[in-house]
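# Inside the fold
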Amino acid sequence: DPKTGYLDAGWPVTDTVTLPSTAVSGLYLAKILITAGSASVGQSRNVSFVVREATPRSSVLVQIGTNTQAAYNAWGGRSLYAYNSGGHLPATEISFDRPDQFGGTWVLQWDYPLIAFLERQGYDLSYASDADTAQGVDAPATRRQVIVAGHDEYWSKEMRDALEGALAARTNLAFMGANTGYWQMRYDPSYRTIYEYRSAAADPSP
């Protein structure tokens, strides 16, 4: 959509990965390697993903800021920022259904240093994305502590309500980076698209 900047890559699902029941909750980095059927055989790309606990168990939850990574991702020509958008026109709608231009480097910069420290200290941790928090599939109020990793900049009302509810339930909150909750955004019903406007006046649904 040239007006909103929305772009869904529209690629069909060609491969799936089934996680075993023994998979440990965490932030993972996978290497995708092209082995056949393309002139790009031998090329690879890293992708990051979060594995949640099926049932909340750990005392400490680490929230990973996938919204912010999507906001800065300019794959296809537009992000929520003018500096890396075509024609310096930032988008107001962005899709999670497109490749990650950062190739895993985003989480290595913003999330990995904190995670490495926490894991070295032996804390009982589990992980979820900010979209998980928004959807209520991993309720922060069930934990003893929630740690919001670095640069978790884009929050929906559901996220803020969930974390404020956790605080009211005496869950400890720790924010480990700047620009936390800096911009208000919202999801489409599928939670695969972010809508974000820099002012209420520009928002068709303020």
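See the structure shown above.
A short tour of the structure in this document, coming up. (Residues numbered from 1 in each chain as written. Predicted model: local features only at pLDDT ≥ 70, side-chain atom pairs only at ≥ 80, totals over all residues. Heavy atoms only, no water.)

Take the environment of Arg-192 next. Here Arg-192 is to be found in the loop between β10 (186–187) and β11 (193–195). Put simply, Arg-192 and Phe-96 are 96 residues apart on the chain and 5.3 Å apart in space, counted from C-alpha to C-alpha. If sequence neighbours within four positions are ignored, Arg-192 has contacts with Ile-94, Ser-95, Phe-96 and Asp-97. Polar contacts involving the side chain of Arg-192 include one to the side chain of Asp-97, which spans 2.7 Å. (Helix = DSSP H or I, 4+ residues; strand = E, 2+ residues; numbered from the N terminus. Contact = heavy atoms within 4.5 Å. Polar contact = N/O pair within 3.5 Å; in protein donor to acceptor, adjacent residues only side chain to side chain.)

Before going further, it helps to spend a moment on the pairing of strand β5 (residues 125–129). In terms of burial, β5 is largely enclosed, as 5 of its 5 residues are buried. Of the two faces of β5, the one carrying Leu-125, Tyr-127 and Ser-129 and the one carrying Ser-126 and Ala-128 are both buried. With 5 bridges connecting them, strand β3 (residues 60–64) and β5 associate as parallel partners. The residue of β5 that forms the bridge with Gln-63 is Ala-128. (Buried < 20%, exposed > 50% of the residue type's maximum accessible area, 1.4 Å probe, protein only. Pairing = 2+ DSSP bridges.)

Our focus in this paragraph is the sheet that holds β3. What links the strands of a sheet is backbone hydrogen bonding, and the strands pair in either a parallel or an antiparallel sense. Spatially, 4 strands are ordered β5-β3-β6-β8 in an open sheet, and the strand pairing comes out parallel. Each of the sheet's edge strands pairs with one partner strand only, and the pair in question is β5 and β8 (172–175). Taking the axes of each pair of neighbouring strands and ignoring which way they run, one obtains an average angle of 20° across the sheet. Bridge count for strand β6 (residues 145–148) against β8 is 4 bridges, and the pairing is parallel. What sits directly across from Gln-145, in β8, is Asn-172. Relative to the sheet, helix α3 (residues 112–120) contacts β3, β5 and β6, its axis offset from that of β5 by approximately 155°. (Axes fitted to C-alpha atoms, helices over the stretch in contact; angles between N-to-C directions.)

Roughly 2000 Å³ of volume is contained in the largest pocket. Taken together, 46 residues line the largest pocket, and the ones lying closest to its centre are Val-47, Ser-48, Phe-96, Arg-98 and Pro-99. Top contributing element to the lining of the largest pocket by residue count: strand β2 (residues 44–51), with 7 residues. Residue classes in the lining of the largest pocket are distributed as 22 nonpolar, 14 polar and 10 charged. (1 Å grid on protein atoms, 1.4 Å probe; cavity = no way out; pocket = protein on both sides within 12 Å on 5 of 7 lines; lining within 4 Å. Points joined across faces, edges and corners; volume = space filled by probe spheres on them. Nonpolar A, V, L, I, M, F, W, Y, C, P; charged D, E, K, R; others polar.)

Considering all chains together, one arrives at 11 aromatic pairs under this definition. Their ring planes at 10° and their centres at 5.5 Å tell us that Tyr-28 and Phe-49 sit as a pair that is stacked. You can see Tyr-28 sitting in strand β1 (residues 26–33) and its partner Phe-49 sitting in strand β2, a full 21 residues away along the chain. With a relative accessible area of 32%, Tyr-28 lands in the partly exposed category. Judged by its relative accessible area of 33%, Phe-49 falls in the partly exposed class. Between Phe-102 and Trp-106, the aromatic rings sit 5.1 Å apart at their centres with planes inclined by 45°, giving tilted as the arrangement. Classification of Trp-106 as buried rests on a relative accessible area of 7%. A network of ring pairs unites the aromatic residues Tyr-72, Tyr-81, Tyr-83, Phe-102, Trp-106, Trp-110 and Tyr-154 as a single cluster. (Phe/Tyr/Trp six-rings, centres within 6.5 Å; stacked < 30°, edge-to-face > 60°.)

Next up on the list: the pattern of salt bridges. Counted according to the given criterion, the structure contains 10 salt bridges. With its nearest N and O atoms 2.5 Å apart, the salt bridge here joins Glu-196 to Arg-198. Judged by its relative accessible area of 37%, Arg-198 falls in the partly exposed class. By sharing partners, the salt bridges in this structure join Glu-53, Arg-57, Asp-124, Asp-138 and Arg-143 into a single network. (Salt bridge = Lys/Arg side-chain N within 4 Å of Asp/Glu carboxyl O.)

From the geometry alone we can't say anything about function, so treat these as descriptive.
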